[in-house]
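Tertiary structure, described
Each chain is listed here by its residues.
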Amino acid sequence: MKVIDLRSDTVTKPSAAMRKAMMEAEVGDDVYGEDPTVNRLEQLAAELVGKEAAVFVPSGTMGNQLAIMTHCERGVEVICDRKSHIFNYEMAAASVLSGVQLHPVDDLHNEKGIGTIMGDFIRPPSPFLPRTRLVCLENTLNADGGTVMRPEQMAVVYRLAHEYGLQVHLDGARIFNAAVALDCEVTDLTCYTDSVMFCLSKGLGAPVGSILAGEKTFIEQARRYRKLLGGGMRQAGILAAAGILALNNISSLSEDHQKARALAAALSGVPGAKVDLEKVETNIVLLDLKELPARQFLELIGSNGVLAGAQSCNTVRFVTHRDVTMDDIQEAAEIIKAVLCQ
Ligand SMILES: Cc1ncc(COP(=O)(O)O)c(C=O)c1O
């Protein structure tokens, strides 16, 4: 049976060109800083996001955790959105690895949230309270349906954070989706951050890898922590070669956004479910199910060849990517509608 896999943009497989580049990659021992392909990727990536330096890491999770570890000492607090990946989907790693306390905030990403972090969430000096050290943003915000944070919003957080002596880290796993959706340079967003992580292995199509970028001294320390966590990868040029080609796929993310809009449009008005068309800004579609539990719905569409993920008990998430065509999307929409109309 044909399978249309809309669980995540991480399911994308390396293209033939990537596989060839991987096979032919010039490599060396990256722990000694001698892998020319990794060095080239790190330099390209740093330039792309407008930072002094970058380090290649095996995963987005490691990139985020290295940022937290490098920005923070034990016992401090990190403000993040309640829906953020760092708070919900990283196995409590910030507490386990860095000994920090995450302070989740509702709607950190919208105007209301930005106002409230100033008064209520940055800790005042006190012998009883932890010190706030870092704000983590996420753009696009995965669990909110891939919604985009605009440069003006990021600027407000950044200026406020710096006023209070805090640093700003961006979980930019899908920051290029945000830049493409806003039709702006990625540096128009990353300029409001002290560090940024982005993933090569999601919509950009590389098989493995993410980048953490920031100031030179910050990246030097993050590189030491990468080794501490077992992320020193030796002849990693084989992976970096695919990462370099993935950077060519940035502009084509707009096609993934078109596919998401097409899926959302096809599903709007279907009985038994609701999709908020206005929230479909990038490559993620959230479908709220009125009656069917998400798990049962996923089994039903799965048995007809469409894969998606559960976002909550009654919300499912579809993610579009370069390995599905517009025809696949139309086909998936028909299958989903048939299940909902049963
Ligand atoms: C917003 C966000 N941040 C971080 C990550 C972590 O990336 P990885 O799966 O490479 O650890 C993900 C993965 O889905 C993500 O969606």
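In this report, the structure presented in the accompanying data block is examined. Predicted, not measured: the structure shown is a model, and the values here were computed from it. (Residues numbered from 1 in each chain as written. Predicted model: local features only at pLDDT ≥ 70, side-chain atom pairs only at ≥ 80, totals over all residues. Heavy atoms only, no water.)

On to the sheet that holds strand 10 (residues 284-289). In sheet architecture, strand pairing relies on hydrogen bonds along the backbone and comes in two forms, parallel and antiparallel. Within the open sheet, the four strands sit side by side as 9-10-13-12. Their pairing is antiparallel. The sheet terminates laterally at strand 9 (273-274) and strand 12 (309-312), the two strands that pair on one side only. As judged from the two bridges shared by strand 9 and strand 10, these two strands associate in the antiparallel manner. What sits directly across from Lys 274, in strand 10, is Asp 288. In the packing of helix 12 (residues 253-267) onto the sheet, the strands contacted are strand 10 and strand 13 (315-319), and the crossing angle to strand 10 comes to about 20 degrees. In the packing of helix 13 (residues 294-302) onto the sheet, contacts are made with strand 10, strand 12 and strand 13, and the angle to strand 13 comes to roughly 40 degrees. (Pairing = 2+ DSSP bridges. Helix = DSSP H or I, 4+ residues; strand = E, 2+ residues; numbered from the N terminus. Contact = heavy atoms within 4.5 Å. Axes fitted to C-alpha atoms, helices over the stretch in contact; angles between N-to-C directions.)

Right, let's talk about the site of the ligand for a bit. Taken together, 13 residues surround the ligand, and among them Gly 60, Thr 61, Asn 142, Asp 171 and Arg 174 come closest. Within the contact set of the ligand, an oxygen atom lies 2.9 Å away from a side-chain nitrogen or oxygen of Arg 174. Taking 390 Å² as the accessible area of the ligand by itself, protein coverage stands at 83%. Here the shell around the ligand gets three residues from one element, more than from any other, and that element is helix 3 (residues 60-71). A class-by-class count of the residues in the shell around the ligand yields two nonpolar, six polar and five charged. (Near = heavy atom within 4 Å. Polar contact = N/O pair within 3.5 Å; in protein donor to acceptor, adjacent residues only side chain to side chain. Areas by Shrake-Rupley, 256 points an atom, 1.4 Å probe, with all protein chains shown as cover. Nonpolar A, V, L, I, M, F, W, Y, C, P; charged D, E, K, R; others polar.)

The subject of this paragraph is the nonpolar core. Generally speaking, soluble globular proteins have nonpolar side chains that are buried together. Residues Val 135, Leu 137, Phe 176, Phe 198, Leu 200 and Ile 211 are the most contacted members of the largest nonpolar core, which totals 48 residues. It is helix 7 (residues 151-163) that provides the largest number of residues to this core, a total of five residues. Among the nonpolar cores identified, the runner-up in size contains 31 residues, and Phe 297, Leu 298, Phe 318 and Ala 333 belong to it. (Core = buried A, V, L, I, M, F, W, Y, C linked by side-chain atoms within 4.5 Å. Buried < 20%, exposed > 50% of the residue type's maximum accessible area, 1.4 Å probe, protein only.)

Applying the stated criterion across every chain yields a total of 17 salt bridges. For Arg 7, the salt bridge goes to Asp 5, with nearest N and O atoms at 2.6 Å. The partner of Lys 259 in a salt bridge is Asp 256, with the nearest N and O atoms 3.4 Å apart. One end of the pair, Lys 259, and the other, Asp 256, are both in helix 12, three residues apart, so they sit about a helical turn from each other. Overlapping salt bridges, with partners in common, bring together Lys 2, Asp 328 and Glu 331 in one network. (Salt bridge = Lys/Arg side-chain N within 4 Å of Asp/Glu carboxyl O.)

Using the criterion set out here, one finds two aromatic pairs in the structure. Relative to Tyr 192, the ring of Tyr 158 has its centre 6.1 Å away and its plane inclined at 65 degrees; by these criteria the two rings are edge-to-face. Taken together, the residues Tyr 158 in helix 7 and Tyr 192 in the loop between helix 9 (187-190) and strand 7 (195-199) connect sequence positions 34 residues apart. Neither residue differs from the other here; Tyr 158 and Tyr 192 are each classed as buried. Centroid distance Phe 176 to Phe 198: 5.0 Å. Interplanar angle 85 degrees. Geometry classified as edge-to-face. Here the residue Phe 176 occupies a position in helix 8 (residues 175-182), and Phe 198 occupies one in strand 7, the gap between them amounting to 22 residues. Residues Phe 176 and Phe 198 agree in their burial class; the two are buried. (Phe/Tyr/Trp six-rings, centres within 6.5 Å; stacked < 30°, edge-to-face > 60°.)

Moving on, we come to the environment of Tyr 225. Locating Tyr 225 in the fold gives a position in helix 10 (residues 216-228). In this structure Tyr 225 comes out as partly exposed when scored by relative accessible area, which is 23%. Placed 163 residues apart in sequence, Tyr 225 and Met 62 show a C-alpha to C-alpha distance of 9.9 Å. Once residues lying within four places of it in the same chain are set aside, the contact partners of Tyr 225 are Leu 66, Met 69 and Thr 70.

It is worth stressing that arrangement in space is one thing and function is another; only the former is reported here.
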